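Breakdown of the fold
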There are 2 protein chains.
Amino acid sequence: MRIALDAMGTDRFPAVEVQGAIQALREIPGEFELVLVGDEAVVSAELESVGDYPRDRLSILHAPQRIEPGEAPASAVRRKGNSSIVVGLKAHREGSVDAFVSAGSTGAVMAASLFLLRALPGVDRPAIATILPTAADSVVMVDAGANVDCRPVHLHQFAHLGAIYAREVLRRPMPRVGLLNIGEEPEKGNELAVETHELLTSDRRLNFVGNIEGRDIITGACDVLVTDGFAGNVLLKFYESIAGFLRGILKRELRDVDASPDLRKVFEALDYTEYGGAPLLGVNGIPIICHGGSPPRAIKNAIGAAIRAVETGMVELTRAELTAAMERMGGDAATRAGRLAEGA
Amino acid sequence: MRIALDAMGTDRFPAVEVQGAIQALREIPGEFELVLVGDEAVVSAELESVGDYPRDRLSILHAPQRIEPGEAPASAVRRKGNSSIVVGLKAHREGSVDAFVSAGSTGAVMAASLFLLRALPGVDRPAIATILPTAADSVVMVDAGANVDCRPVHLHQFAHLGAIYAREVLRRPMPRVGLLNIGEEPEKGNELAVETHELLTSDRRLNFVGNIEGRDIITGACDVLVTDGFAGNVLLKFYESIAGFLRGILKRELRDVDASPDLRKVFEALDYTEYGGAPLLGVNGIPIICHGGSPPRAIKNAIGAAIRAVETGMVELTRAELTAAMERMGGDAATRAGRLAEGA
C-alpha cells in the first residue's frame, strides 16, 4: 500500500509533513510506503536534515508548484498542473498511490478530487466528513462544508457515506445516524430536515436514531451527524474556536493542567490533532484533508485514517452501498451520478 | 411602568419567579411595578412565605391555567385562554402592562405573541434574539429559532430588529451587524446568505461588517449576528451544551475556581443567567422569553431588559425604522406585513 502525502500543504511545509511522515512510518504498524509530493529539492533537503528514517519506505514525487491558501480553487487547479495537489491526485487516479493526504487548500483538494477522481455512482455530491470530539465517542459530521445548498436526497447520501466511514474507519459496527435539527419530533425543522427525516426513516439499511439537536452533540448521542454543509461548517468552526478560546484561558490560568487526568482528557478531546483529518467521501478515491495549521501528529493520524480506509476497501463498499441505496430510492440519483461520472 | 411576569413559567414555579421579582424590585433602580401572572392562591401563598417585599409595587393578575412545556403551542394557546401566557399577553395588548416576561414554553409565548400582539408593519417574521457571550462584548443573534425557512428579505429585517435591540437595550451606539456565513467573501455561502449579503450591503442605515464565520463569533467580531432560525438554533443549543459540559468538568476538577479572576470571568461569560432573556422582536409589544431552568437572577435580568426596552421606546423605534427600511427596499415586505397586521 502506498499513501501520497502533500509535502507543500501546511503553513510550515515541508518540515511538518516530513516529521509527520516519519512519525507515521515509525508508529503505525503494517506494510505501507509513503510518497511525499512536492518540490524535490526542497523536500529532499528537509529529509537530509532530519537524519535517519526508513529510506526504502519513503519516496518523493516531484511537484514544483504550490497552490496557496488564498487562491480560487477551481482556477488554481486548472492553472497549476504541476502543483502538489494536482500531481498527488493524478497519481492516485492512475493507481500508483492508494490515498492522498493534504493539509493544503481545502477548496483545491475538493475541486481537484472532483475533477480527477470523480464522484462515485449513487453520489450526487461528495461531502467532507469531520470528526467532532464529544464527552463520549467522537461523532462524524457529514457534510462539514462542501455543499452549502442541499436537497434531501443529498443528505440521504451523506448519511450512507458517513455510516460507511464510521463503520469501516472508526470501527463502529452499527453506527447510529442522527439528523441535525432543531427539535426531536419528526415534523420539526426546516423543509430540508423534515423531508430528509422521512428518507432516513424509510431506509432500513441505516441505523437512524432520529433528530439530534445542537445540545445532543456533545453527549455523543449519535455516531454520524447528517447536515448540510452550511450548518455543518458553522458548527465546526464555532466548535474549534470555542475550544481554543477556553483552552487558551485555562492554560494561562492553570499551570498544572497536566496534573489533572480529567482536565487532560478534556483537552485531548478538544484537540483536533488527535483525529485523522477530514476525508472527502463519495469520490472514487481517498482524499483526506488536514488543517493548514496541523502539527506532525495530526498528519500522522490522517495517514493512519487513510491506511484504514484503504485496508477496508472503503471506496468499493461505498460504490456498492450507495448504488444499491439510491436505486431503491428511485434510481434518479444513482443514474444521474453515474452519468456525471462518465461525462466530460 | 408595569412589567408583567409569568409566575407559572419555570420548572420551579412560582418560587423562582417570586424571588426574581423581588430581586428586581430591590436591585433595579427606577419607577416600575411588577404584575405576577398566575394562579392567585398559589402565587400569594408563595409571596406570604418570602416575608417582606415592596407590596405597593407588586400585584397579582389571576390566571389559573398553565401551558405545559410539552404541549403543542398553537392549540395550547387556543385552548387555554386562562393560562398565564395568554392572560399576560392580553394584558400587554390592552396596555395595562408594558412588557411580558415568561420562562414558560417558548413556542406558546411566540404563538400567543403573534396572535395577540401581531407583527409590526415592515416585519414579515418576528424573530427571537438571543445573547451569546463572547471573549469581548456579547453578541445578539437573530434569529435563534423562530423561523426555520427564511428568505433574504427576512434576514434583512432580522438585521434591523437586532440592530435596534443592540443599540437601545444593550447600549451599543453603532452596532456592527454581521451575517453568519461559511466564508469571508461576499460570494461565499448558500443562496440565502449570498442574496442577504447583497441586501445588507446596499442598506446604508446598517453598519454591516460583512460575513461572520463560526470561528469569529467567540471573538466578538460583531454586535448583531444575522442568521436563519435553523442555523441559529443549532448554534445556540450547541453553545449552551458545550459551555455546560466544560463547566461541569472544570467545577469538579477545580474546587477553587473562584480563586481565579480569569476563570471566574469565563464562567460568568458562559452563564446565560447573566443575560436578560430572549426577546421576541418585531411584534407590537415586548415579550421576553427565559429558559425554563432559569434561576431568580435570570428572571431579574430579563425584567431589567424589559424595562430598558420600554424606556427607550423600542417598539415605536422598530415600527418607524422597519417601515422606512422595507419601503426603501421596494415596499413589498412592508405592505405585506401591514396587511397581515390588519387582517384576521
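Please refer to the structure higher up on the page.
My aim in this report is to walk through the structure given alongside it, one point at a time. All of these numbers come straight from a predicted model, not from anything done at the bench.

About the cut-offs
Residues numbered from 1 in each chain as written. Chains lettered and ligands numbered in written order. Predicted model: local features only at pLDDT ≥ 70, side-chain atom pairs only at ≥ 80, totals over all residues. Heavy atoms only, no water. Helix = DSSP H or I, 4+ residues; strand = E, 2+ residues; numbered from the N terminus. Buried < 20%, exposed > 50% of the residue type's maximum accessible area, 1.4 Å probe, protein only. Contact = heavy atoms within 4.5 Å. Areas by Shrake-Rupley, 256 points an atom, 1.4 Å probe, with all protein chains shown as cover. Pairing = 2+ DSSP bridges. Axes fitted to C-alpha atoms, helices over the stretch in contact; angles between N-to-C directions. Right-handed = clockwise from strand over helix to strand, strands pointing away. 1 Å grid on protein atoms, 1.4 Å probe; cavity = no way out; pocket = protein on both sides within 12 Å on 5 of 7 lines; lining within 4 Å. Points joined across faces, edges and corners; volume = space filled by probe spheres on them. Salt bridge = Lys/Arg side-chain N within 4 Å of Asp/Glu carboxyl O. Patch = residues over 30% accessible without salt bridge, like charges linked within 9 Å, V, L, I, M, F, W, Y side chains within 5 Å. Lys, Arg positive; Asp, Glu negative; His and termini not counted. Charge placed at Lys NZ, Arg CZ, Asp CG, Glu CD. Core = buried A, V, L, I, M, F, W, Y, C linked by side-chain atoms within 4.5 Å.

We now examine the overall build of chain A. Each helix and strand counted, chain A has 12 helices and 11 strands in total. By the burial criterion, 60% of the 344 residues in chain A qualify as buried. Taking contacts inside chain A between residues at least 6 apart in sequence as the whole, the part at least 24 apart equals 72%. Carbon and sulfur atoms form 49% of the exposed surface of chain A, whose accessible area is close to 13,300 Å².

Moving on, we come to helix α4 (residues 84-94) of chain A. Residues and elements named next belong to chain A. Burial analysis of α4 places eight of its 11 residues in the buried class, which makes it a mostly covered element. Every buried residue of α4 is listed here: Ser-84, Ile-85, Val-86, Val-87, Gly-88, Leu-89, Ala-91 and His-92. Gly-95 occupies a position one or two residues after α4 and carries a positive phi of about 90°.

Here we come to the sheet that holds strand β6 (residues 139-142) of chain A. Adjacent strands of a sheet form backbone hydrogen bonds with each other and so pair up, either parallel or antiparallel. Residues and elements named next belong to chain A. Ordered by their spatial adjacency, 11 strands build an open sheet running β3-β2-β1-β4-β11-β10-β5-β6-β9-β7-β8, and the pairing between neighbours is mixed. Of all the strands in the sheet, the pair left with one neighbour each is β3 (58-62) and β8 (207-212). Pairs of neighbouring strands in the sheet enclose a mean axial angle of 25°, with direction left out of account. Sheet topology places strand β10 (residues 278-281) next to strand β11 (residues 287-289); two bridges connect them, and they run antiparallel. What sits directly across from Pro-279, in β11, is Ile-288. Its contacts with the sheet put α4 on β1 (2-6), β2 (33-38), β3, β4 (99-102) and β11, and the angle it makes with β4 is roughly 165°.

Leaving glycine aside, a negative phi is the common case for residues, and trans is the common case for peptide bonds. Omega for the bond connecting B:Phe13 with B:Pro14 falls within 30 degrees of zero, at -10°, which places this linkage in the cis form. Between B:Val142 and the following residue, B:Asp143, the backbone shows a cis peptide bond with an omega angle of 15°. Within the element layout of this structure, B:Asp143 appears in the loop between β6 (139-142) and α6 (152-168). Positive phi outside glycine occurs at A:Arg171, with the angle close to 60°. The residue A:Arg171 is located in the loop between α6 (152-168) and β7 (176-180) in this model. Given a relative accessible area of 55%, A:Arg171 falls into the exposed group.

Right, let's talk about the pairing of strand β3 (residues 58-62) of chain B for a bit. Residue and element names in this part refer to chain B. By the bridge criterion, five bridges tie strand β2 (residues 33-38) to β3 in an arrangement that is parallel. Bridging from a neighbouring strand, Val-35 pairs with Ser-59 of β3. A crossover links β2 with its parallel partner β3, the connecting element being helix α2 (residues 40-49), and its sense is right-handed.

In this section: empty space enclosed by the protein. Residue and element names in this part refer to chain B. As enumerated under the stated definition, the model contains three cavities of 30 Å³ or more in all. Taken as a whole, the largest cavity spans an internal volume of roughly 50 Å³. What lines the largest cavity is Leu-161, Ile-164, Tyr-165, Leu-280, Leu-281, Gly-282, Val-283, Gly-285, Met-314, Val-315 and Thr-318. Where the lining of the largest cavity is concerned, the elements lending two or more residues are α6, β10 (278-281) and α11 (314-328).

This part is about the pattern of salt bridges. All names here are of chain B. Enumeration over the complete set of coordinates arrives at 26 salt bridges over all chains. Here Glu-33 makes a salt bridge to Arg-2, at a shortest N to O gap of 3.2 Å. Linking Glu-33 in strand β2 with Arg-2 in strand β1 (residues 2-6), this pair joins segments that are 31 residues apart in sequence. Take Glu-33: its relative accessible area is 31%, and that puts it in the partly exposed class. Of the residues examined, Arg-2 reaches a relative accessible area of 31% and is grouped as partly exposed.

Now for the sheet that holds strand β7 (residues 176-180) of chain B. All names here are of chain B. With mixed pairing, 11 strands are arranged side by side in an open sheet as β3-β2-β1-β4-β11-β10-β5-β6-β9-β7-β8. Edge positions in the sheet fall to β3 and β8 (207-212), since each has one partner strand and no second. Adjacent strand axes in the sheet meet at a mean angle of 25°, parallel and antiparallel pairs treated alike. Here strand β4 (residues 99-102) pairs with strand β11 (residues 287-289) via three bridges, running parallel.

So, on to a negative patch on the surface. Taken together, the side chains of A:Asp149, B:Glu191, B:Glu195 and B:Glu198 present a region of like negative charge at the surface. Looking at the secondary structure, you find B:Glu198 in helix α7 (residues 191-201).

Before going further, it helps to examine the nonpolar core. Side chains of a nonpolar character, in soluble globular proteins, are inclined to be buried together. By size, the foremost hydrophobic cluster in this structure holds 221 residues, and its most contacted members are A:Ile303 and B:Ile303. Every residue in contact with A:Ile303, bar those within four places of it in the chain, is listed here: A:Leu5, A:Gly20, A:Ala21, A:Ala24, A:Ile28, A:Phe32, A:Leu34 and A:Val101.

All names here are of chain B. If you trace the backbone, Ile-3 turns up in strand β1. Classification of Ile-3 by relative accessible area gives buried; the value is 0%. With 154 residues separating them along the chain, Ile-3 and Gln-157 place their C-alpha atoms 27 Å apart. Among residues more than four places away in sequence, those in contact with Ile-3 are Glu-33, Leu-34, Val-35, Ala-99, Val-101, Ala-306, Ile-307 and Val-310.

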